[in-house]
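One-letter residues, chain by chain:
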Amino acid sequence: MLKNRRLTPNMVLLVIAILLILFPMLSGNKYYLRTITTLAIAIVLTSGFRLIALTGQLSIAQAAFMGVGAYCSTLLIMNLGWNSWICFFLAGFAAALTAGIVGFITLRIKEIYFAIATLALNELFRLIWVEWDTLFGGPAGIVNIPSPDPILGIHFGSVVSFYYIAVLLLFSATAMMLRIERSRIGLIFSSIREFDTLAASLGVNLIWEKVKAFMIACFFAGMAGALYAHLQHFISPVDFTLMDSVMFLLYGVIGGLESVWGPAVGCTVMIFIPVGLRLIPNYNPVIEPIIFGGILILVMRFCPGGLVGLFQKLVSDLKKTESQKGEQEHAAA
Amino acid sequence: MTLQMFVQSLINSILSGGVLILIAMGLTIILGIMKVVNFAHGEFYMLGGFGIWWFFAEHGLNFVLALILSVTLVGILGVAIERGLFKPFRENAFPSLIISCGILLVFRAATQLSFGLVDHAVPTPEAFKGMIQVSGAFLSKERLIVICITLALIIGLYVFIKFTKAGLAMRAVSDNPAAASLQGMSVDRISSLAFFIGSVLAATAGCLTGPIFYVSPTMGAEPGLMAFVVIVLGGIGSITGTVIAGLIIGFIEGFGAIPFGTNYATVMVYVVLLITLIFKPMGLLGHAEK
Amino acid sequence: MLKIRDLQVDYGGIKALKKVCMDIHKGEIVTLIGANGAGKTTTLRTVSGLKKPFKGEIWFNDMRIDGLSPQRIVKLGIGHVPEGRHVFKNLTVLENLKTGCYLRRDKEGIKRDMEGVFEHFPRLRERIRQKAESLSGGEQQMLAIARALMAGPTMLLLDEPSLGLAPVLVWEVGEIVAGINKRGVTAILVEQNAQMALSVAGRGYVLQSGGIVLEGTSEDLVKGESVKKAYLGG
Ligand SMILES: Nc1ncnc2c1ncn2[C@@H]1O[C@H](COP(=O)(O)OP(=O)(O)OP(=O)(O)O)[C@@H](O)[C@H]1O
Ligand SMILES: [Mg+2]
């Protein structure tokens, strides 16, 4: 009786995947398509943040790595005329390479010191983009970024095509995260977080494992950046600020960093709340941060495991009462 | 570099260094005693600025009175926030960091809603007006006075922490809260005291710089961030480290800004921070736990 | 002087103490022995207010003290030297001693007690301006005891003061406790080294998984077969 009602995570995933694929055919609303595209990018970034957090490091520079990808692919396409699909991957590699170099140096730093170091890094990248205007276009950024090159006669440029690229990116990033989660690396990552010195004494090369997580996260951040550049047709340093990096952290916390699904849930809720609020007439968006801040405080106070943690707790409570009920019925019979 | 420029850079360095130290001191005390990471600390600076604007510029109160009033109010607000929001997360850096982000968002948006996203000017008090000439260089009296007050506060805080009974208790609690409570110290009260001092110092910095710069809802962002850079560079929990790091950053900003531009000066600050952390992962004077 | 009645303490649902009863009289040294995890530390922590009991009563000089804050309990005259030393590492020796008399206002008395402490522990006087973290393990333990004495307690709770010390020092600690007791301080001594503890203490309680299984004078406990086997090495 319980069994046929039970949904496995894989089934949920499948349903969501099918819904996402069918969505553009069901609704032509460009605004929602664009919102979901942005959402997919945010989830990719937040999942990356979470992956790094699994190794016990708090990276507040994910937006900067997204920017590295965005600028890399844009410059290669616009200055050298390279194929945008190659550049799409190169953006990921560029971000991962940067992360590798930076990570190898900075991942020895721990806790709040590391958080502040990454925060400084994000600002450093932004200032480089602002000041090196001959290459990066300065504060005005780079305009007229073309749509991706066509493949096999399929043109990319419509909102729907970006939507599908974003969903594809989201799927591959999520698949990667799931694989890591269920593999040996995932175990190593969390053992690093729990017992830094213990893991070291067991012969896990901490720095290398941390760098690996950092590079994987930044690879997807870079690809998301390249996609973002095509989507907006315009990038500038204000697209990849410290505040954006902090946002990915906050989305992750609201969803719950313990679970792979946390980032997706957190981003979805926090991106759709403003969408809903804007339907209210005479709505003043200035109050959005107040609502957001309030949610953060409430989540931390009352369900530190985030929304996913809250959900899991509710489900386990429900199961408990149900099994108790079952026992009672048994006893009665 | 002319003498005038040199002296001006010197004054600006000490001024921005001093203001940073004032903000960062509270941050490092709070972090040391409660292990609370308060990203909203810069907002106390902002509220101090708005206090002086509201009481002094808008309602014509005497400057000193306006300063005392706004600083006290911000201090009380700080204690209220500590009691209501941070207390359950003492000794727990990550959740407190998230809570503080929430507070930051709320404060910033709330002030923006109340006073608009514009810069508000605070007039210079009469007593601060004018220039002083020292061997050929002109110095603004206002900046000199602010520097003197700032230095006096920093020294006062140092003496308080090093030589008073309450200061001893603060150091004991930040060293080992359980052992401190066995000596009869109330960790709750010491935490509130730390938060009070921290928010008062930040608010004072806001009040003092109000007439020099402008007052706006986002004015706390940059100093709040830089204060973190200061305490991390100096080593968390080290008062001396905070002073040294604050002066280093003040001097980089003060002397770098005129020849290279503020952005390059900021780049320099971050580069110095990163290089220091690579070689000294716990900052200049920080030491590892246990 | 101290009466513990049916004390129950738990950590998140896991019972650490089950119905512990004890009586400590003025001027005594009483030892608490038991295996690791028996609940010795928990007993002391509950008496000094660091841990709130689940049920039961604690009376100190006819005043009920269970559930009071550590500050109130220190003020009443119970000093606690916690397990694992816990001196303030970044404070100097002198500052550590000053934290001990945080609640006291009588300058004269403080001065007198400080002198007394230095007489007792001359090595601390030599290191008065040194940071506590630079002291040796034994010196840190002396400092922790001295700090507790600075509050002028009438009762002292000592949690494994000999832990990690060289065998010679273990007996020195025993003598120190006896000396303190001679000056009128009642003491509860928790010890791994039951031999030392029983030689110093007049009476003892044996704790086993959260309950008292045996109590008696030191002579009786030393003679008793079960204690001999379990805690005195045969
Ligand atoms: N902070 C805590 N959280 C959860 N359980 C605890 C905690 N402290 C102690 N316990 C449990 O309570 C029981 C009693 O512990 P306690 O520290 O009082 O033992 P002890 O007799 O002092 O042991 P030892 O000789 O090792 O110091 C143990 O089972 C221990 O696991
Ligand atoms: Mg113990």
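Heads up: the structure comes first, above all this text.
Throughout what follows, the structure given in this document is the object of discussion.

Basis of the calculations
Residues numbered from 1 in each chain as written. Chains lettered and ligands numbered in written order. Predicted model: local features only at pLDDT ≥ 70, side-chain atom pairs only at ≥ 80, totals over all residues. Heavy atoms only, no water. Contact = heavy atoms within 4.5 Å. Buried area = accessible area lost by both parts, 1.4 Å probe. Polar contact = N/O pair within 3.5 Å; in protein donor to acceptor, adjacent residues only side chain to side chain. Helix = DSSP H or I, 4+ residues; strand = E, 2+ residues; numbered from the N terminus. Expected span 1.5 Å × (residues − 1). Buried < 20%, exposed > 50% of the residue type's maximum accessible area, 1.4 Å probe, protein only. Donors = N, O, S within 2.8 Å, 3.2 Å for Na, K, Ca; no water. Near = heavy atom within 4 Å. Areas by Shrake-Rupley, 256 points an atom, 1.4 Å probe, with all protein chains shown as cover. Nonpolar A, V, L, I, M, F, W, Y, C, P; charged D, E, K, R; others polar. Axes fitted to C-alpha atoms, helices over the stretch in contact; angles between N-to-C directions. Parallel < 35°, antiparallel > 145°, perpendicular 65-115°, else oblique. Left-handed = near helix turned anticlockwise from the far one by under 90°. Pairing = 2+ DSSP bridges. Salt bridge = Lys/Arg side-chain N within 4 Å of Asp/Glu carboxyl O.

A few words now on the interface of chain A and chain B. Each side of the interface is counted separately: chain A has 35 residues, and chain B has 40 residues. Overall, the association of chain A and chain B removes approximately 3,300 Å² of surface from exposure, summing both partners, and the carbon and sulfur fraction of that is 87%. For the interface between chain A and chain B, the tally reads 4 residue pairs in polar contact (both at pLDDT 80 or more). Of all the secondary-structure elements, those providing two or more residues to the side of chain A that touches chain B are α5 (111-131), α11 (242-255) and α13 (288-302) of chain A. A per-element tally of the side of chain A that touches chain B places α5 of chain A first, with 12 residues.

Quick look at helix α10 (residues 239-260) of chain B now. All names here are of chain B. Look at α10: 31 Å from first C-alpha to last across 22 residues, which is about the 32 Å you get at 1.5 Å a residue. When α10 is considered as a whole, its buried residues turn out to be I239, G241, T242, A245, G246, I249, G250, I252, E253, G254 and G256. Tucked into the core, α10 has its buried residues touching α1 (3-34), α5 (141-163), α9 (221-234) and α11 (262-279). The residue sitting at the N-terminus of α10 and contributing the capping side-chain oxygen is S238; that oxygen lies 2.8 Å from the backbone nitrogen of G241.

Residue and element names in this part refer to chain C. Taken together, the protein ligands of the magnesium ion (ligand 2) are T41 (OG1) and E83 (OE), with distances of 1.8 to 2.7 Å. In this pair, T41 sits in helix α1 (residues 40-47) while E83 sits in the loop between β6 (78-81) and α3 (93-100), placing the two residues 42 residues apart along the sequence. By relative accessible area, T41 is classed as partly exposed at 22%. E83 gets classed as partly exposed once you look at its relative accessible area, which sits at 31%.

Residues and elements named next belong to chain C. Inspection of the region around ligand 1 gives 13 residues, with G37, K40, T41, T42 and E83 positioned closest. The side chain of Y11 places a nitrogen or oxygen atom 3.5 Å from a nitrogen atom of ligand 1. A38 places a polar main-chain atom, nitrogen or oxygen, 3.2 Å from an oxygen atom of ligand 1. In the complex, 59% of the free accessible area of ligand 1, which totals 630 Å², lies under the protein chains. Ranked by residue count, the leading element in the shell around ligand 1 is α1, at 3 residues. Looking at the shell around ligand 1 residue by residue, the classes come out as 4 nonpolar, 6 polar and 3 charged.

To continue, consider the packing of helix α2 (residues 41-58) of chain B against helix α8 (residues 187-209) of chain B. All names here are of chain B. In the contact formed by α2 and α8, the axes pass within 7 Å of each other and the chain directions differ by 50°. If you check the angle between α2 and α8, you find them oblique. Our pair here, α2 against α8, has a crossing hand that is right-handed. From α2, H41, F44, Y45, G48, G49 and I52 reach across to α8, where they touch F195, G198, S199, A202, A203, A205, G206, C207 and T209. Here the contact of α2 with α8 is composed, by residue class, of 8 nonpolar, 7 polar and no charged.

On to the pairing of strand β9 (residues 203-208) of chain C, then. All names here are of chain C. Extensive coverage of β9 is indicated by the burial of 5 of its 6 residues. When strand β3 (residues 29-34) meets β9, the two strands line up parallel, connected through 5 bridges. Opposite G34, over in β9, you have L207 as the bridge partner. With 6 bridges joining them, β9 and strand β10 (residues 211-217) adopt antiparallel strand pairing. Along β10, the bridge assignment pairs L207 with I212. Turn length for the β9-β10 hairpin, with the two strands adjacent in sequence and antiparallel, is 2 residues, and the turn residue S209 shows positive phi of about 30°.

All right, on to the interface of chain C and chain B then. Contacts between the two partners involve 23 residues from chain C and, on the opposite side, 20 residues from chain B. Summing the contributions of chain C and of chain B, the shared interface buries around 1,900 Å²; its carbon and sulfur component is 60%. Broken down residue by residue, the surface that chain C buries against chain B is led by Q71, F88 and Y102 of chain C, which jointly contribute 34%. At the boundary of chain C with chain B, the tally comes to 1 salt bridge.

All names here are of chain B. Along the polypeptide, E43 turns up in helix α2. Using a relative accessible area of 0% as the deciding quantity, one classes E43 as buried. Excluding residues within four positions of it along the chain, E43 makes contact with L104, F107, R108, P217, G220 and A221.

This brings us to the pairing of strand β4 (residues 55-60) of chain C. Residues and elements named next belong to chain C. In the sheet, strand β1 (residues 2-11) pairs with β4 via 5 bridges, with the strands oriented antiparallel. Looking at the pairing, K3 lines up with W59 of β4. Looking at chain direction, β4 and strand β5 (residues 63-64) are connected through 2 bridges and run antiparallel. Bridging from a neighbouring strand, W59 pairs with R64 of β5.

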